[in-house]
Amino acid sequence: MHVLLVGSGGREHAIAWKLAQSEKVSTVSVAPGNVGISLEPKAQLVDIAANDIDALLHYALEQKVELTVVGPEVPLVDGIVDRFTEANLRILGPSAKAAQLEGSKSFAKAFMKRNQIPTASYEIFSDATQALDYLKTQTAPIVIKADGLAAGKGVVVAQTIEEANEAVSAMLADNAFGDAGSRVVIESFLSGEEASYIALVDGEHCLAFASSQDHKARDEGDQGPNTGGMGAYSPAPVLTQAVEQHVIKDIVEPTIKAMANEGAPFKGFLYVGLMINEHNQASVVEFNVRLGDPETQPLMMRLETDLIDLFNATIDGTLNNTQCNWLEGSAIGVVLAAGEYPASSSKGEAISGIDDAERIGCKVFHAGTAMHDDQLVTNGGRVLCVCARDTTIVAAKQKADKGCELVRWKNRHYRRDIAYRAVARINEA
Ligand code: AMP
Ligand code: GLY
């Protein structure tokens, strides 16, 4: 089978690596992919940008692609699934209408409100003066979100009202996020522990993936600005069986049912970002309509089932007859980022030590790398994700920590505390 995978990050490297393990797959074409992906068996890079739907469609028809999988949100929100489906091509993902769950925070908030799905209370503003007046009546902490897509960076958890004022002014008056920030959601702060609940949904049924937890803040102890994610691990012990049952009954099933009732049946990966409070009550922090990055990297390290079987069942609407198996133990992925991430990014620094890390049992997925005169160099942002799997999260983390030390370039940044909550739970027990 010839599979087309759209995207170029660590998530896509992990998906390509896993797809290549399927006996059903002959070729994984990745548009545009990255250096690490090009080194995987069965993989080839296609020089088409992830957002260029016309060119992707043309390629899929011409090269007789049998299945297309989309990593990032932008082409989904822009309607790639609608276009491919109209052309009778098999593609995994939601329609543009269903992708609004991620594409517009105001859509997602209104959807949750009218369907009684637990989430933080909120107000929406497009006028800076009105938003600033509203903030005068509020107390911190409070959360300011750009309405549209901002690569995980359009959210400010303000610890003071001054900080909230600044975020609102940057988005509404100074256009810091362009169109994406021309409307803002101001929502109440939720306390608790976050977890990522990711499931495949076929319009009607859902099949849960293993739980995971991301670390969005740049610095250790969850300090510093929000990023796309600095590391993740699976499983996340905060998602106990009881919490998972509550999440399925009160969040996931009502979401699937309401999307179908509202004329936008959801197909593809539904990612529910959860906040779980001290009473084990879960609220939705965000919906994503795709796999998470970096959650996917540790998830793929643990997935036993053939991805092709899962993708086919999703497209064919047979997830109710499908099982998904996970390797026992835990997996972790630690992101190595350029020193200045997420503000700006240095590029072109020579990278060494990936082979050494893989020799001790890590798998290193690429995101922001490039080849320069036969030398692997950084290409900005999140550069690599060092992953390890072992019998416990403590052992997996030790292995990944060693791998991270071995992979080097000038001015790399990573968090040494990924999975600290799971490790603390083990130490407490
Ligand atoms: P989002 O892009 O909506 O997932 O927000 C990014 C991150 O900001 C989340 O992963 C949380 O860490 C934090 N966050 C967002 N909304 C809230 C909220 N209402 N309360 C507390 N933290 C939040
Ligand atoms: N890791 C968070 C995301 O992919 O949105």
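Up top you'll find the structure we're talking about.
Described below are features of the structure shown in this document.

**Concerning the sheet that holds strand β8 (residues 155-158)**
Reasoning step 1: Read from one edge to the other, the open sheet built from four strands follows the order β6-β9-β7-β8, with strand pairing classed as antiparallel. At either end of the open sheet lies a strand with only one pairing partner, and these are β6 (122-125) and β8. The sheet shows a mean angle of 20° between the axes of neighbouring strands, taken without regard to direction.
Reasoning step 2: Taken together, the four bridges between β6 and strand β9 (residues 184-188) define a ladder with antiparallel strand orientation. Across the sheet, residue Ile124 finds its bridge partner in β9, namely Val185.

**Describing the sheet that holds strand β2 (residues 27-32)**
Reasoning step 1: Read across the open sheet, the five strands follow the order β3-β2-β1-β4-β5; overall the sheet is parallel. Edge positions in the sheet fall to β3 (43-45) and β5 (91-92), since each of these pairs with one other strand and no more.
Reasoning step 2: Note: β2 against β3, three bridges, orientation parallel. Note that in β3 the partner of Val28 across the bridge is Ala43.
Reasoning step 3: Against the sheet, helix α1 (residues 10-20) engages β1 (2-7) and β2, with an angle of about 170° to β1.
Reasoning step 4: Each of β1, β2 and β3 is contacted by helix α3 (residues 53-62), which is oriented at about 170° to β1, the strand it contacts most.

**Some thoughts on the site of ligand 2**
Reasoning step 1: If you check the shell around ligand 2, you find Asp214, Lys216, Gly228, Tyr271, Asn288, Arg290, Gly292, Asp293, Pro294 and Glu295 and nothing else.
Reasoning step 2: Take Gly228: an N or O atom from its main chain is 3.4 Å from a nitrogen atom of ligand 2.
Reasoning step 3: The separation between a nitrogen atom of ligand 2 and a polar side-chain atom of Glu295 is 2.7 Å.
Reasoning step 4: When isolated, ligand 2 has an accessible area of 200 Å², and the protein chains bury 90% of it.
Reasoning step 5: A breakdown of the residues in the shell around ligand 2 according to their chemical character gives two nonpolar, three polar and five charged.

**Regarding helix α9 (residues 161-173)**
Reasoning step 1: Across its 13 residues, α9 extends 17 Å between first and last C-alpha, which sits within 8% of the 18 Å expected from 1.5 Å per residue.
Reasoning step 2: Buried residues of α9: Ile161, Ala164, Ala167, Val168, Met171 and Leu172, and no others. Along the long axis of α9, the arc covered by the buried residues comes to 115°, so they all point the same way. When the buried face of α9 is taken as reference, the exposed residues oriented beyond 90 degrees from it are Glu162, Glu166 and Ala173.
Reasoning step 3: Here the buried face of α9 lies against β6, α8 (128-136), β7 (142-146), β8 and β9.
Reasoning step 4: Two residues or fewer past α9, Asn175 is found with a positive phi of approximately 60°.

**Description of the packing of helix α14 (residues 393-406) against helix α15 (residues 420-428)**
Reasoning step 1: Orientation of α14 relative to α15, taken along the N-to-C sense of each, is 135°, at an axis distance of 9 Å. Relative to α15, α14 is oriented oblique. Every pair of crossing elements has a handedness; the one defined by α14 and α15 is left-handed. Facing α14, whose interface residues are Ile393, Val394 and Lys397, α15 presents Ala422, Val423 and Ile426.
Reasoning step 2: Taken together, the residues of the contact of α14 with α15 break down into five nonpolar, no polar and one charged.

**Quick notes on the layout of surface pockets**
Reasoning step 1: What the second largest pocket holds in volume is close to 280 Å³.
Reasoning step 2: Lining the second largest pocket are 16 residues, and of these Leu39, Ile354, Asp355, Glu358 and His366 sit closest to its centre.
Reasoning step 3: Those elements that place two or more of their residues in the lining of the second largest pocket are α2 (35-38), α13 (354-359) and β19 (363-366).
Reasoning step 4: Residue composition of the lining of the second largest pocket, by class: seven nonpolar, five polar and four charged.

**Remarks on the nonpolar core**
Nonpolar side chains in soluble globular proteins tend to be buried together.
Reasoning step 1: Of all hydrophobic cores here, the largest spans 52 residues; its most connected members are Ile80, Tyr197, Val247, Val272, Leu274 and Phe287.
Reasoning step 2: In this view, Phe287 contacts Leu101, Glu102, Ala108, Phe111, Met112, Thr255, Leu270, Tyr271 and Val272; residues no more than four positions away in its chain are not counted.
Reasoning step 3: Counting 44 residues, the second largest nonpolar core, distinct from the first, contains Val25, Ala313, Val335 and Phe365.

Cut-off values and rules
- Residues numbered from 1 in each chain as written.
- Chains lettered and ligands numbered in written order.
- Predicted model: local features only at pLDDT ≥ 70, side-chain atom pairs only at ≥ 80, totals over all residues.
- Heavy atoms only, no water.
- Pairing = 2+ DSSP bridges.
- Helix = DSSP H or I, 4+ residues; strand = E, 2+ residues; numbered from the N terminus.
- Axes fitted to C-alpha atoms, helices over the stretch in contact; angles between N-to-C directions.
- Contact = heavy atoms within 4.5 Å.
- Near = heavy atom within 4 Å.
- Polar contact = N/O pair within 3.5 Å; in protein donor to acceptor, adjacent residues only side chain to side chain.
- Areas by Shrake-Rupley, 256 points an atom, 1.4 Å probe, with all protein chains shown as cover.
- Nonpolar A, V, L, I, M, F, W, Y, C, P; charged D, E, K, R; others polar.
- Expected span 1.5 Å × (residues − 1).
- Buried < 20%, exposed > 50% of the residue type's maximum accessible area, 1.4 Å probe, protein only.
- Arc of directions from axis to C-beta.
- Parallel < 35°, antiparallel > 145°, perpendicular 65-115°, else oblique.
- Left-handed = near helix turned anticlockwise from the far one by under 90°.
- 1 Å grid on protein atoms, 1.4 Å probe; cavity = no way out; pocket = protein on both sides within 12 Å on 5 of 7 lines; lining within 4 Å.
- Points joined across faces, edges and corners; volume = space filled by probe spheres on them.
- Core = buried A, V, L, I, M, F, W, Y, C linked by side-chain atoms within 4.5 Å.

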